[in-house]
Structure formats: structure tokens, C-alpha cells
Amino acid sequence: MMKKSISASKASLVLFLCQMISALDVPLDSKLLEELSQPPTITQQSPKDYIVDPRENIVIQCEAKGKPPPSFSWTRNGTHFDIDKDAQVTMKPNSGTLVINIMNGGKAEAYEGVYQCTARNERGAAISNNIVIRPSRSPLWTKEKLEPNQVREGDSLVLHCRPPVGLPPPIIFWMDNAFQRLPQSERVSQGLNGDLYFSNVQPEDTREDYICYARFNHTQTIQQKQPISVKVFSMDSLNDTIAANLSDTDIYGAKPVTERQPILLTPTGSTSTKVELRGNVLLLECIAAGLPTPVIRWIKEGGELPANRTFFENFKKTLKIIDVSEADSGNYKCIARNILGSAHHVISVTVKAAPYWITAPRNLVLSPGEDGTLICRANGNPKPNISWLANGVPIAIAPEDPSRKVDGDTIIFSHVQERSSAVYQCNASNEYGYLLANAFVNVLAEPPRILTPANKLYQVIADSPALLDCAYFGSPKPEIEWFKGVKGSILRGDEYVFHDNGTLEIPVAQKDSTGTYTCVARNELGKIQNEVRLEVKDPTMIIKQPEYKVIQRYGQVSFECIIKHDFTLLPTVIWLKDNDELPDDERFLVGKDNLTIMNVTDKDDGTYTCIVNTTLDSVSASAVLTVVAAPPTPAIIYARPNPPFDLELTGQLERSVELSWIPGDENNSPITNFVIEYEDGLHEPGVWHYQTEVPGTQTTVQLKLSPYVNYSFRVIAVNEIGRSQPSEPSEQYLTKSANPDENPSNVQGIGSEPDNLVITWESLKGFQSNGPGLQYKVSWRQKDVDDEWTSVIVANVSKYIVSGTPTFVPYEIKVQALNDLGYAPEPSEVIGHSGEDLPMVAPGNVQVHVINSTLAKVHWDPVPLKTVRGHLQGYKVYYWKVQSLSRRSRRHVEKKILTFRGNKTFGMLPGLEPFSSYKLNVRVVNGKGEGPASPDKVFKTPEGVPSSPSFLKITNPTLDSLTLEWGSPTHPNGVLTSYILKFQPINNTHELGPLVEIRIPANESSLILKNLNYSTRYKFYFNAQTSVGSGSQITEEAVTIMDEAMASRQVDIATQGWFIGLMCAVALLILILLIVCFIRRNKGGKYPVKEKEDAHADPEIQPMKEDDGTFGEYSDAEDHKPLKKGSRTPSDRTVKKEDSDDSLVDYGEGVNGQFNEDGSFIGQYSGKKEKEPAEGNESSEAPSPVNAMNSFV
């Protein structure tokens, strides 16, 4: 095993422990994080120079991590800031961030000052930067009396702006009364100080509305200066004026407009100085007067202007150098020249530097007794002063630590102990700024821990490497040893590699490498071990590979792919055609170890690949299928053509070349076309691209070329059989470089955070660059606010992030390609938006209109679009049931959400439960998420009809009574008023008797029905009622008990001879009457209707027949139609059409029978008006013993 001395391993131990403790940067076992102590670390803080909006709350950020969690305190202007004594100041929970309430009465000016945050726990204290809080200011313009400017044509003119001093400084622009930007040119332009300079005035410059505007971005306000009047006198008008005031004898005449050589309007004098800080943008300006208008040129004395960082603005009057460094110091000369001469000015530029890091101090984690160093190195101009603090206190007055020694920019620690833990601050400062860095020293004494899960299983394929993890932690750093087996010897030798992170590597695992491996970690504080298992599997092999096939059209072909694999691994076999999925065609049959193609066509020509995958390895094999036409004679062989040869390039031009070739043998199939491909040896060597194709009769082609491409060409011949092999490449031809012809496509601007704008584009391909040094000029400006374009040149990338943008505002964006030879054409502009933030306000005026017991409509007022702070996606309505008004019992609240897209201000809430109390709120949604919820709105649904009773049981049958028990409805949907019970007898032919209805109080749950007929089946209909109406019903059937004595007596009468004779006589008499009636009808006799009517004058009072207890004939009083007698089903078990198409007709009015959604029969209780079940309109048979027994079935 590889071992290192303790002294040599200190650096790696420190680095490892630092990574282990930096939980936010490196993934770590969460349980270990909870156990390790760590000094505080500042993770987030406000900027050093923090300008705030005086109209909004001030939020000063200070976030820190540590174990135990740190506490926070603040200083203001160097003294303790007691936030408990200021009602306007609060600190966020579990955070050091301060919130100063300005919107409720506080004044931002009262909280100006220098703030510093301290995060402290038992291991030390970290401090933030000095955060200078200043409210932004946008003062009004001082009143001044402006005299009109009267200027002679050709003279120079300066219109002074002199904007009010704001914080931050305002942006200056000139406009007219119509809010139109004043046109600027080489002759008229705005200086860096905001003044408007005229190199020479012209008559068209006469106007009375030169207005200077100052825009203060922080407060989104614009201040306007009083309009300035300019009147230009031309020479012609001046001469006319003089002539009108002089006599004819006077000599008069103004001098004509004279040309003048340049003089500098700004800067004045021949020399000036400029100091700029490293990393900033250097802006130098020269504006000259003269006629004709001078042209400005810039040079650097003794050197060149820096390439790629130099830009000219304001018609070359402004020299802009970005990201300046000390090397940019020197003398810069601007030269103004016209045809009459020149003027120049030299600006001596000195680049100073605020401090910047060379080596920032890094967190140090040590074991007791170890040594270490903290190094803090910074540079600047002038060179910064380095000072140290310990836990926020200057180290000179901090508590002494014998293990610590300060040596300039280094602190040396020797033989540290746990009490040496602290947070050290390094401050590097000069007159231009300062840097402050926190770095902790954390002394830990921890026994070894192994973070790899116990008994972890590793599986590898034989003859491949195996890596067994043993992630560990301890302080001091543990030593790691590996054993094979529980009691095996320590592993050594060249067949193993031991990594510093504890991993054991077996470079070539064999089958005998399978087994259990034990990792042991030990230091002076303890020892721990962990076991892992290794399984080495046999490799997957294709023992029978697919072979090259030539098949005639419409034939059948099969490719084999027989595999051998480890029996513990489950292989999957996939077939591909030309590296893509097989066609979705039933002609392709995939078997266990083969692929068969039926009825082969020309489209099946190609390469077929068999891929075998397991969880550990993958193998593949390929074969080519060539489809040929059936030869007319055995002597003719059809094949692909031979490749073309003798490629030659002629007529080389910058953007074109002529390629010629000689075709190869066509092999009995005419060449249909040639395909020309090219290789770019400069950008993509070895990759061939499609260029064009020509008919098979053509052997030359004029090819269009792109700049800056090293071309080689090859030609492929094609016939019906297929494509030839490519020809040998032609000679190479390198085209000249040129400006890019096109700009990047798909330019977009979408913010990923509320304060940024991410500009993306699709980069140009290699040959589209047209030359070396491909870069992109990214430009943006806020839309509709008259900003100047901000531009930056970036390398060949496809994204640029603009930080510090306002939230969700539109930007004009353009991306222009450039290379070493120049720029592409001016790109088109696209509109993007900076990042979205969560909506600020909730919808107001939320109203609910309850439509019925299950449906409600909700209305709300739309939120102002400016508060959405993103793309409005819609509104979400959250609603939930609070309680049922009938039961007054609360339940688990299950919130439901409905989303209404777009700017919709109302929506329907379906599926509500009747007689319930609900709450809802509304939230607006944008691309970032949901805004705050509106106040909860309470509404109630009215009563509805109840559900059916939960059950209906009929018990305790006697001769003349039945006991009914029922359960209340599962969903009463209101206050129950009563129960309705309806019942009627059913005879043994399933015909229904009279219907009886009983109303039962709502508080009852059982009922005994008395005075019923013995041995009779009854059908019961039961439902509940609320004030709204009746709910759905539940039905049951039951039978009363038969009297045994009556049953025996009936059997005796039915078997008596006299009874049988009487029945025969009655039947004979009826037969004779029928014959007589038939004869009289045939003879034209009249039917005795009157007698019939007299005999049945009142069907309601027909007496019961005493002999058999059945009802007499009954005529329906409603429609006066004779009611058909019920009849039994014929013996062949069929139902007559005129009776019913449904056996359930026997239970009611067949034509009106209906079914509920649950399948229950509702008959006359359906929604439409129907007849009640017939009362006494069905004949009943005598209760014979057989019929009585049937009634129990």
C-alpha cells in the first residue's frame, strides 16, 4: 500500500477537510454535516456602495452559515446598532438581513451611514464589508434666465446643460417640444458632460426648443431644463438688413461665410490629464469647431491602441477603451483636421488600481497539533496595505494565541489546539478602495468515519477495472487499509492501486476477484471498518455474427445474431438499420437470435446492426445487405458503379471553382447521378459534407465556395443498385478570408433571474466565420427609454448575461458577427425581456355568485400589468370546503385549484357540495410563479335534494306486519324534513297492486307496518326529503308469513269433486255466452252498450268478489281505456311484443319505465310527470297453495 509521511500529507489533508466542510460547494453526507462544528462564513451580503430608492423599504442583506448556526449583530457608523430600539427596523428570522420600513413612515435619509454585519458562534465571528447606504436623489433644475442665442452662420456654438447633481448621476439627452430626439452628426453632437456642441451652425439649426433632459434611473424620474432658443443669421439675410438701413451711396455688405481651420471646444488647451481605475472603461473626448466640419482621429503616442478593447463613439469624437489596465497608461492624442489645417490635444492617462486579489485567504481545517498558514496577497496602484483581524477585532488587540504568528501578509499556525479555532479577516486597502476576506481556522479532533454504505455491491465485467469506494472522514486524516475477506491479509502488490480518497482499484478484475473486501480507517482517535462486495461477470459475446448478404428483389433474407452471456445478466437485443430504428413494417420479423426480412425491396438496402445490452456491458456486430434486380440472364451481373477518378480543379476564384472527373465502370446499370462531397481541412478535417449532385451525363460542375475554407472534393457515382465507393480526394484549395456574410440566428433575450437578461444565439458554424478570430458584438438597450446601445465583444460563445437590469422590462437586442477582417452586415433587432419576478399584488374585489347548490361563479378585478412583473399566464382560484352546514363537523381540508388562462376575470367552480361553507382566494400567475393570495372569501351553497338513504332493511315478518329499518342519507345536502315510504303488493304474476304512501318524521329510523295481507309480497319505495325536494329512492321487497291452517283448507277445497264440477259448469256457461255473442254480431245485432254501462256505472265502488278475494274489473278514470289483465309468461318462456320488450314492465307502466344512473328502476318517480302506480287496477289470483309458495321464491 502507498504511504506518505505525516508532514508530506498536510496539504492534501487540509484541502480534503476544507472540501468536506464546505457543504454548500461539495456534496457531503448530511448526517456528518450535522455533527461537525464550523465557524461562521458570510454567504450573502449587500454591495459596498448601496444606493437605495427612498420610496421603498431598505433591505440590507447579511446571510451566513455555520455550526452551530450563527447569531447576528450590526454596527452603524462604527458603533453598535441596537435594532430593538428602532421600531422601523427588523431582522429576518434565522438571518442577519435587516429590513428598514420606509413605506410606513420611515425616512430613508435618516438611515444613511456605514453598516457592518457580524455573524458569530462559539467557533468565531465573521464580518461583512462596510456597506454604505445612500438614498438616491433626483433634485430639480435650478431656475435660471436663458437668453436667446443669436449666432452667425458658420460660427461654433455650445449649449450648456448643467444638470442638477443627483445620486447616481443622471443620463443626459437632448429633445425638442415634441419629445423627439434631436438629430446628431459629425457637426452637432452631445459631449460627455451633457452639453450640446455645434462645430459650425447652419440656418436649419434655428429653433426655439433645444431642451436638455436628465433621467434619474433609480427613481425613474426625468427632469427638464427650460427650452433654449437659437437663431442663426445667414449672410444673405444680414446683407438685406444692412441695405435697408443705408443710403445708395454707402458701401455696405457683410463678409461672406468664411472657412476656418479647426480649434478644440473641449478639452481646452494643448494638454490635460486623466486618471482611471484598472478594470473600468476609459472615455476620452475631443470635440472641435471649424468649417468644413473637422474629422477626429486618435493615436497613442509611442504605442498602438489596444486591439479588441478599443471602440469609437459619438462620430469618433469619443475614444472608449474597456477593461483598462496599467499597460494602457500613456499619452493619447486626438487630432481634428479639415482642409484648412488641424488642431490636436494630448491627454496623459494614468491607470491606478483599487486592491485586487493575488491570493485570497482560504479556509483552513487542521487537526490538533498540526501546522498551517493563512496567506493574503493583494496588489494595486498604489500598493495596498495589508491588515489582519481575528473574529472582527484588529489582531493586535485580539486575545493572544500562542499557536499564531503574524508575518506581514501571512499568519503561521504551529501546534494548534481546538481553542485555536477562529475566523480571520484580511483587509487590503489603498486610497481607491479595499478588499475584505473572511477565512476560518477550524481545529477538529474527529475519529474516523466511513461514508460509503455498508455491504455495497459492485458488479463489473471480467478483464475490466473495478473501483471499490471507501469514502472516509477523520481528523487527523485516517490511514486506509484494504483486506480481502473478513480475516484476510492486507492487500499489497502491483495488481492493486490505492487512491488517496480511499478507493481501491483492481485494474484487471478476474473471476477469482469476486468476494468481500474490507476497508479499515484508523487514526489516533479510533478505528472503523466497512465491507463491500465485488461480483465479476462473464462478458457478453456474439458467437454467431450477421454476415454480408446479396439478395434479389422480392426475396427473403435472414441475419443471425447468436449470443453468449453471464447467466445472471438479462440481455436485450436491438436491431438497427443504418444506425436507426428498424422501419415500422410487418415484413421485418425479429426473432430470439435472428432478423428476417420478407419480400425484400430496394429500400431495404443498407447496414444492419445487432446490439446486445446488459446492465454492465454492450456489444454489437453489423452486416451489409445489398438488394439487386433479378438478372435477365446468368451472364449479366448488376453491381454498384466503380468510383470516379482523375478529379481536377480549374478556374479557381474566391467564391467558386470548377470540378471535373472521369466516371468509373457503371457495371451494367447506368449511372443516374453523381454526388459531390467536400471536406473542410481547416475546421473539420476528416468529416465529409454533402455539396451538390448532378445528372449522370455530366462530368463537370461549377461549385460555389465560402471564404476561409480549405476545400477537398470527392465524387460518388449512383445507379439503381446503389452508391459507389467515394473517389480519391481532389487537391486542396484554400479560399481567402472575408468579413462574415451573416449574423447569428435565433437571437433571444430571456432573463433567468429578476435582475438579469440572458442573451443567447446560435453560433455560426466553422465555415460560416469566413475568417479567423470569430467573435460576436452583443448590443442591448432598454426599449422606449432612449438609452444608448451598450455593447460588448465576446469570444466565440453563444450566451451573454447582462446583470443589474430592472425586473421584466423590454430590451432591444442585436448580435453581430465579426472576425479579424471586420464586421458582418448590421444585424436586425429583436425584443427580449429581463427576468421575471413573482407578482407583487393579489387580485382585488373578489366576488362569488352562487348559481345553484353545486355551482358558483367567481369574479375578480385584474391586477395592474406593471405589478405582474412577468408574462401574465392567468389566474389560479384555490377553493376548499370548510364544513357541512347540516352536520357542523369539520374535516381535513382538501384544497382544489382551478387555473384560468390569460387575462380572464371570472370563472365557474363546479362540483360543489350542497349546503356547505366554502372559502376561496385568487392569485395571479406569471412565468416565475404565483403572486400573493387575495383575502379568503367565504360563501355558502344552498340546500339540495338528499342522496338515497344509506340502507333499508325489512325484518320480523309476521302474518300481517313487517318491520322497516333504515339509515339516514350519506349526503343529506340540507336539513331533512321527512321520509316518504310508498309500498304496494305484488301478486305471483308480478303485477302491482294499489300504492300506499306514508310520510315519516325525519328523526325516525324504524317503522312497523301493520294490517298487511298474509302471505303477500310487497314492494317498498323509500326516500328522504329536504325543503328543496325529494332525493333518489331505495327499493326493497318482502313477504308476510302464510297461515298454515288456511293453506290446508284451501288445498282441501281445491281437491273436492263438487268444486271441480262447479268450475266446469262455469266454464261451459261462459263458452255458450261467447258463441251467442259471436252469432248476434255476425247477424248485425247491436251490442248492449247501455246495459254494459249501467252494469259498470261507477268502477270505483265495484265490490270485491267474495268467493276468491280478487278485485272486479276496473276502468282507468284518467284515460277511460279498459285496463288489460296481467298475464303469465307463455310456456315457451317468451314475452309477447305487445306486453313489453323488458321484463321490468311488470313492475309498472311499461312505456314510462326509466332507470336511474345507478341502474335502479324509477318508473313514475322520474323527472317527467307520470302516472302513479295503479291502485286496484290489476287482477289478483286466489292465494292457492301453489301461488302462496311461489310468493316466497
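Definitions and cut-offs
- Residues numbered from 1 in each chain as written.
- Predicted model: local features only at pLDDT ≥ 70, side-chain atom pairs only at ≥ 80, totals over all residues.
- Heavy atoms only, no water.
- Helix = DSSP H or I, 4+ residues; strand = E, 2+ residues; numbered from the N terminus.
- Buried < 20%, exposed > 50% of the residue type's maximum accessible area, 1.4 Å probe, protein only.
- Contact = heavy atoms within 4.5 Å.
- Areas by Shrake-Rupley, 256 points an atom, 1.4 Å probe, with all protein chains shown as cover.
- Core = buried A, V, L, I, M, F, W, Y, C linked by side-chain atoms within 4.5 Å.
- Pairing = 2+ DSSP bridges.
- Axes fitted to C-alpha atoms, helices over the stretch in contact; angles between N-to-C directions.
- Phe/Tyr/Trp six-rings, centres within 6.5 Å; stacked < 30°, edge-to-face > 60°.
- Lys NZ or Arg CZ within 6 Å of the ring centre and 35° of its normal.
- Polar contact = N/O pair within 3.5 Å; in protein donor to acceptor, adjacent residues only side chain to side chain.

## Notes on the overall build of the chain
Reasoning step 1: Along its length, the chain carries eight helices and 85 strands.
Reasoning step 2: Put simply, the chain has 1193 residues, and 41% of those count as buried.
Reasoning step 3: Sequence-distant contacts, at least 24 apart, represent 65% of the contacts inside the chain between residues at least 6 apart.
Reasoning step 4: Approximately 64,700 Å² of the chain is accessible, and the part contributed by carbon and sulfur atoms is 52%.

## Side note on the nonpolar core
Reasoning step 1: Ranked by internal contacts, the top residues of the largest apolar core, which has 29 residues, are Ile-58, Ile-60, Trp-74, Ile-100 and Tyr-115.
Reasoning step 2: Looking at this core, the elements with two or more residues in it are strand S3 (58-60), strand S4 (62-67), strand S5 (71-76), strand S8 (98-100), strand S9 (113-121) and strand S11 (131-135).
Reasoning step 3: Residue contributions to this core peak at three residues, all from S9.
Reasoning step 4: In this structure, Tyr-472, Leu-491, Ala-521 and Val-536 belong to the second largest nonpolar core, which totals 22 residues.

## A word on the sheet that holds strand S39 (residues 456-461)
Reasoning step 1: The mixed open sheet is built from four strands, whose spatial order is S39-S46-S45-S42. With one partner strand each, in any of the chains shown, S39 and strand S42 (479-484) form the two edges of the open sheet. Direction aside, the axes of adjacent strands within the sheet are offset by 25° on average.
Reasoning step 2: By the bridge criterion, six bridges tie S39 to strand S46 (residues 526-537) in an arrangement that is parallel. Along S46, the bridge assignment pairs Leu-457 with Arg-533.

## Brief notes about the packing of aromatic side chains
Reasoning step 1: The final tally for this structure, using the stated rule, is 21 aromatic pairs.
Reasoning step 2: With centroids separated by 5.4 Å and ring planes inclined at 5°, the aromatic side chains of Tyr-711 and Phe-713 adopt a geometry described as stacked.
Reasoning step 3: With a relative accessible area of 3%, Tyr-711 lands in the buried category.
Reasoning step 4: Directly above the aromatic system of Phe-81 lies the positively charged group of Arg-76, at a separation of 5.9 Å from the ring centroid.
Reasoning step 5: Cation over ring: Lys-895 sits above Trp-880, and NZ or CZ is 4.4 Å from the ring centre.

## Points about the sheet that holds strand S78 (residues 937-940)
Strands in a sheet are paired, the pairing made by backbone hydrogen bonds, and the direction either parallel or antiparallel.
Reasoning step 1: With antiparallel pairing, the four strands of this open sheet are ordered in space as S75-S74-S77-S78. Bordering the open sheet on either side are strand S75 (896-901) and S78, each of which pairs with just one other strand. Strand-to-strand twist of the sheet, defined as the mean angle between neighbouring strand axes without regard to direction, takes the value 30°.
Reasoning step 2: Where strand S74 (residues 872-884) meets S75, six bridges bridge the pair, whose relative direction is antiparallel. Paired with Tyr-875 across the two strands is Phe-900, which belongs to S75.

## A closer look at the environment of Ile-490
Reasoning step 1: For Ile-490, the location among the structural elements is in the loop between S42 and strand S43 (497-498).
Reasoning step 2: Assessed through its relative accessible area of 18%, Ile-490 is described here as buried.
Reasoning step 3: In this structure, the C-alpha to C-alpha distance between Ile-490 and Thr-518, residues 28 residues apart in sequence, is 9.4 Å.
Reasoning step 4: Leaving out residues up to four positions away in the same chain, Ile-490 has contacts with Glu-481, Trp-482 and Phe-483.

## Observations regarding the side chain of Ser-779
Reasoning step 1: If you trace the backbone, Ser-779 turns up in strand S66 (residues 775-782).
Reasoning step 2: Looking at Ser-779, its side chain comes within polar contact range of the side chain of Ser-791, at 2.8 Å.
Reasoning step 3: With sequence-adjacent residues up to four places away left out, Ser-779 is seen in contact with Trp-789, Thr-790, Ser-791, Glu-812, Ile-813 and Lys-814.

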